[in-house]
Amino acid sequence: MTIQSIYADVQPYIKSYTFEDDISLEVTQRAFCDKNSDLELYRLLRINNQIYIILDLKEWSDHMELYLYRCKSDFE
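None of the values given here were measured: they were computed from a predicted structure. (Residues numbered from 1 in each chain as written. Predicted model: local features only at pLDDT ≥ 70, side-chain atom pairs only at ≥ 80, totals over all residues. Heavy atoms only, no water.)

Draft legend 1. Just the overall build of the protein, in detail. From N to C terminus, the protein includes 0 helices and 5 strands. In the protein, the succession of α and β elements from N to C terminus is β-β-β-β-β. Reported as C-alpha extents along the three principal axes, the dimensions of the protein are approximately 35 × 30 × 20 Å. Evaluated residue by residue, the protein yields a buried proportion of 28% over its 76 residues. (Helix = DSSP H or I, 4+ residues; strand = E, 2+ residues; numbered from the N terminus. Buried < 20%, exposed > 50% of the residue type's maximum accessible area, 1.4 Å probe, protein only.)

Below, the structure written as structure tokens:
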């Protein structure tokens, strides 16, 4: 179910995040978009039929920068 569509500049990006118990996830995409209050950490996004989770985000004065982890293809 799509809740909202937004326009974003999505770019390849590599960065690892390590959590408790040495769980490590690699961010593979970074997206730049207009500020949107619905975009929060751990929200799911669909980009070109792939599901991503927002692992980190930065709010700038005029845009947001989202760091995305691609979920497994059998997620749905």
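Alright, that's what it looks like, and here's the rest.
Draft legend 2. Focus on the sheet that holds strand β4 (residues 50–59). Taken in spatial order, the 5 strands make up an open sheet running β1-β2-β5-β4-β3, and their pairing is antiparallel. Two strands in the sheet have a free side with no partner beyond their single neighbour: β1 (8–18) and β3 (44–47). The average undirected angle you get between the axes of adjacent strands in this sheet is 40°. (Pairing = 2+ DSSP bridges. Axes fitted to C-alpha atoms, helices over the stretch in contact; angles between N-to-C directions.)

Draft legend 3. A look at the pairing of strand β5 (residues 64–70). Here β5 lies mainly inside the structure; 5 of its 7 residues are buried. Relative to β5, strand β2 (residues 24–33) runs antiparallel, the two sharing 5 bridges. Residue pairing for β5: F32 is matched across the bridge by E65. Relative to β5, β4 runs antiparallel, the two being bridged by 7 bridges.

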